[in-house]
Amino acid sequence: MKFFHFGREVRREITAFNSINVGITPIVKNEAPSSMGCMYLDEESVVGMHPATVPQLFLVIEGEGWVQVEGGEKIKVSKGTAVFWEDGEQHESGSKTGMTAIIIESPSLNPEQFLKSI
């Protein structure tokens with residue numbers, strides 16, 4: 001048995017796209033085209049508007065915040081919410097009080113296979 005740590009203290013800060021107070025701890029990156037990470041959005045955080053490079057699933061596991069697509073309104077998200085962005089879709093996210101999310105990216109990602117839509 002092996003144990004690993006993906007807590008906020010081992011995160012890598014994200015500053016791209018004018019992002020503020022955000023860090024990510026990568027969890028898995030396979031040789032196959034897929035990756036997974038744990039993103040920590042601190043108080044008053046923003047992951048700036050950017051395109052999804054492949055289909056992306058954003059799973060909120062703690063806290064609350066918001067997501068937005070280009071030209072759209074901010075939509076509130078909280079623990080238990082999963083957000084899916086298509087390849088190339090411009091999006092951003094943020095939180096006033098703090099939020100933690102698991103990020104899964106893969107060209108073959110299809111959340112409708114397993115997750116219930118809301």
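Residues numbered from 1 in each chain as written. Predicted model: local features only at pLDDT ≥ 70, side-chain atom pairs only at ≥ 80, totals over all residues. Heavy atoms only, no water.

Summing up its helical and strand segments, the protein has zero helices and eight strands in all. The C-alpha radius of gyration computed for the protein amounts to 14 Å, which stays within 12% of the reference 13 Å derived for 118 residues, consistent with globular compactness. For the protein, the spread of C-alpha atoms along the principal axes amounts to about 45 × 30 × 25 Å. Across the protein, contacts joining residues at least 24 apart in sequence account for 63% of those joining residues at least 6 apart. Only carbon and sulfur atoms are counted for the fraction: they give 54% of the accessible area of the protein, which is about 7,600 Å². (Helix = DSSP H or I, 4+ residues; strand = E, 2+ residues; numbered from the N terminus. Rg over C-alpha atoms; globule rule 2.2 N^0.38 Å. Contact = heavy atoms within 4.5 Å. Areas by Shrake-Rupley, 256 points an atom, 1.4 Å probe, with all protein chains shown as cover.)

Core analysis: the largest hydrophobic core is formed by 16 residues, its most contacted members being Met-39 and Phe-58. Looking at this core, the elements that each hand over two or more residues are strand 2 (20-29), strand 3 (35-51), strand 4 (56-69), strand 6 (82-85) and strand 8 (99-105). Setting aside anything within four residues of it in sequence, one finds Phe-58 in contact with Met-39, Val-67, Thr-81, Ala-82, Val-83, Trp-85, Ser-93, Met-99, Ala-101, Ile-102 and Ile-103. (Core = buried A, V, L, I, M, F, W, Y, C linked by side-chain atoms within 4.5 Å. Buried < 20%, exposed > 50% of the residue type's maximum accessible area, 1.4 Å probe, protein only.)

Counted according to the given criterion, the structure contains three salt bridges. Put simply, Asp-42 and Arg-8 hold a salt bridge, and the shortest N to O gap is 2.4 Å. Remark: Arg-8 occurs in the segment before strand 1 (12-14) and Asp-42 occurs in strand 3; sequence separation between them is 34 residues. Given the relative accessible area of 19%, Asp-42 is considered buried. Arg-11 is the partner of Glu-13 in a salt bridge, and the nearest nitrogen-oxygen pair spans 3.1 Å. A relative accessible area of 48% places Glu-13 in the partly exposed class. One network of salt bridges, with partners in common, ties together Arg-8, Arg-11, Glu-13 and Asp-42. (Salt bridge = Lys/Arg side-chain N within 4 Å of Asp/Glu carboxyl O.)

Let's shift gears to the side chain of Gln-68. Note on placement: Gln-68 falls in strand 4. On the basis of relative accessibility, which here comes to 16%, the residue Gln-68 falls in the buried class. A polar side-chain atom of Gln-68 sits 2.6 Å from the main-chain carbonyl oxygen of Gly-72. Setting aside its immediate chain neighbours within four residues, Gln-68 contacts Met-49, Glu-73, Lys-74, Gln-90, His-91 and Glu-92. (Polar contact = N/O pair within 3.5 Å; in protein donor to acceptor, adjacent residues only side chain to side chain.)

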